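A look at the structure
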Amino acid sequence: MAIDTDTAPATPVAVQAPQDDRLSGRAKLVLFVLCAAQFMVALDFSVLNVALPVLGDDLGLSRSALQWAVTAFALPSGGFLLLFGRIADLYGRKKLFLTGLALFGAASLLATLAWDPASFLTGRALQGLGAAVIVPTGMSLLTTTFPEGPQRDRALGISGTLLSLGFTVGMVLGGVMTDTLGWRSTMGLLAVASVIVLALAPGLLPESRTPDRPRLDVPGAITVTGALLALIYSLSTAAQRGFGGADVWGTLVVGLALLAAFVAVESKATAPLVSLPMLKRRTVAWGNLGGLVTFSMMSTVIFVLTLYLQEILGLSSFRTGLVFGVQGVMSVLAGSYAAKVIGRFGARRTLIGSLFGQGLLTAALLAIGSGSGALLATVFVSLASMCHLGAIISYGLTVTSGVPDEEQGLATGLVTTTQQVGITIGIPLLGVLATTQADLFHGVRTVLLVDAVILVAAAALVAVGLGRRKA
């Protein structure tokens with residue numbers, strides 16, 4: 001890590017010996033700020049979920065269009081992650097992190113005050129752009145501040161726990177706030193949270209960037225950003241209108257073509273945005289596959305269960321939030337044991353076992369009925385979430401272990417891109433099976449079955465890809 005002493009005279013935080021996992025007081029404050037920002041972004045992904053039916057009635061969004069309240073955020077947050085992660089490596093992670101926080105706060109205020117679907121979705125899109133800055137810069141600051149070993153493992157474990165907790169706490173807060181204060185309060189909460197984090201961050205975070213500051217890979221940035229935007233748009237549009245539209249297939253073809261062009265550009269670039277040799281590492285390639293699957297499949301389950309609980313069982317936003325509140329408690333419990341499990345079995349085995357467990361418990365959700373099933377849904381989604389958290393932490397450790405500081409922005413950019421793209425594609429890719437069918441209950445069961453099959457298949461592929469060597 002290269003500390004920019006011109007803009008940040010603060011000394012590096014991690015001063016303990018690498019074999020000691022104890023953190024200094026200042027290191028704990030730095031970890032708090034970084035985790036608070038990640039928690040805030042995770043909260044944004046879920047806080048609206050239980051408010052979607054109410055929001056749709058208020059702004060005039062149909063059921064099939066509700067997913068755009070989520071996708072409008074996820075589209076830019078997934079599409080621009082790699083670009084901003086690399087810009088932060090070159091020009092300063094702290095500077096870009098603070099810029100992202102400011103943009104996120106302003107966008108949250110716009111979404112709070114939205115007067116029609118266009119203004120609301122604009123606010124959500126700008127929130128996503130801010131998140132695309134916050135997430136990779138925050139992760140890079142974390143991995144360059146805390147040395148590889150017990151300290152980084154502990155920091156990533158805490159970050160992963162709060163990330164998962166942010167999703168589930170968002171469901172609870174969304175339910176309570178929607179029932180008591182209205183759905184706009186959920187966006188107002190994010191505006192306030194961003195102001196608090198922005199006030200604390202400048203005095204605590206050290207500036208860092210790569211030491212040699214190579215030129216930005218502009219062709220690579222254009223092709224990969226265009227590819228991600230086109231692919232995510234294609235899948236999101238398919239969720240609303242199905243796969244029969246010319247624009248769906250057109251943007252899908254464009255996305256795939258740009259992705260191929262990106263690979264060609266990166267193979268010849270002197271300072272590539274994504275290091276192809278890094279992608280050839282088994283831990284990076286197969287670890288990211290595991291992360292992509294666990295995020296996309298869990299976000300899909302939460303989305304369809306929200307529809308099931310409210311539109312089929314008739315639960316209120318508050319009671320629906322309580323269901324996912326139990327899930328949050330179980331996630332915290334899993335987070336307290338995740339580091340011990342990984343320490344005993346290794347990140348590779350933990351990732352494989354977590355994916356497999358998440359798949360089996362998702363399959364168990366098929367036991368829900370059209371007239372009852374809230375208790376079964378609560379139990380099995382909570383247990384599946386515990387496995388999901390294990391997969392989150394273990395895939396992050398798998399991908400970033402062994403990567404030098406000057407490439408941490410690239411590695412964590414891949415990790416966070418996987419996270420955001422996974423969250424983005426799951427709902428439009430599988431959610432369409434539920435939202436476009438006349439029988440919503442049959443559609444929910446279909447999604448759960450496909451979801452479980454994908455998870456089990458991914459666990460098998462990751463097991464074969466990583467082999468027996470510990471990640």
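Shown above is the structure to which this text applies.
Predicted model only: the values in this text are computed from it and were never measured.

We now examine the packing of aromatic side chains. Counted by the stated rule, this structure contains two aromatic pairs. Summarising the aromatic geometry, the rings of Phe295 and Tyr395 are spaced 6.1 Å apart at their centres and angled 80 degrees between planes, so their arrangement reads as edge-to-face. Here Phe295 is found in helix 12 (residues 282-312), whereas its partner Tyr395 is found in helix 14 (residues 374-400), with 100 residues between them in sequence. The class of Tyr395 is buried, set by a relative accessible area of 2%.

This part is about the packing of helix 12 against helix 14. Across the interface, helix 12 lies against helix 14 with an axial gap of 9 Å and an inter-helix angle of 160 degrees. Judged on the interaxial angle alone, helix 14 and helix 12 are roughly antiparallel. Like other packed secondary-structure pairs, helix 12 and helix 14 cross with a definite hand, here left-handed. The residues of helix 14 that touch helix 12, namely those facing Thr283, Val284, Gly287, Asn288, Gly291, Thr294, Phe295, Met298, Val301, Leu305 and Leu309, are Ala374, Ala377, Val381, Ala384, Ser385, His388, Ala391, Ile392, Tyr395, Thr398 and Val399. Here the contact of helix 12 with helix 14 is built from residues that sort into 14 nonpolar, eight polar and no charged.

So, about the side chain of Arg124. With respect to the helices, strands and loops of the structure, Arg124 is situated in helix 6 (residues 117-145). The exposure class of Arg124 is buried, given its relative accessible area of 1%. Of note is the side chain of Arg124, whose polar atom sits 2.9 Å from the side chain of Gln127. Setting aside residues up to four positions removed in sequence, Arg124 forms contacts with Asp44, Leu48, Ala69, Val70, Ala72, Phe73 and Met187.

What counts and what doesn't
- Residues numbered from 1 in each chain as written.
- Predicted model: local features only at pLDDT ≥ 70, side-chain atom pairs only at ≥ 80, totals over all residues.
- Heavy atoms only, no water.
- Phe/Tyr/Trp six-rings, centres within 6.5 Å; stacked < 30°, edge-to-face > 60°.
- Helix = DSSP H or I, 4+ residues; strand = E, 2+ residues; numbered from the N terminus.
- Buried < 20%, exposed > 50% of the residue type's maximum accessible area, 1.4 Å probe, protein only.
- Axes fitted to C-alpha atoms, helices over the stretch in contact; angles between N-to-C directions.
- Parallel < 35°, antiparallel > 145°, perpendicular 65-115°, else oblique.
- Left-handed = near helix turned anticlockwise from the far one by under 90°.
- Contact = heavy atoms within 4.5 Å.
- Nonpolar A, V, L, I, M, F, W, Y, C, P; charged D, E, K, R; others polar.
- Polar contact = N/O pair within 3.5 Å; in protein donor to acceptor, adjacent residues only side chain to side chain.

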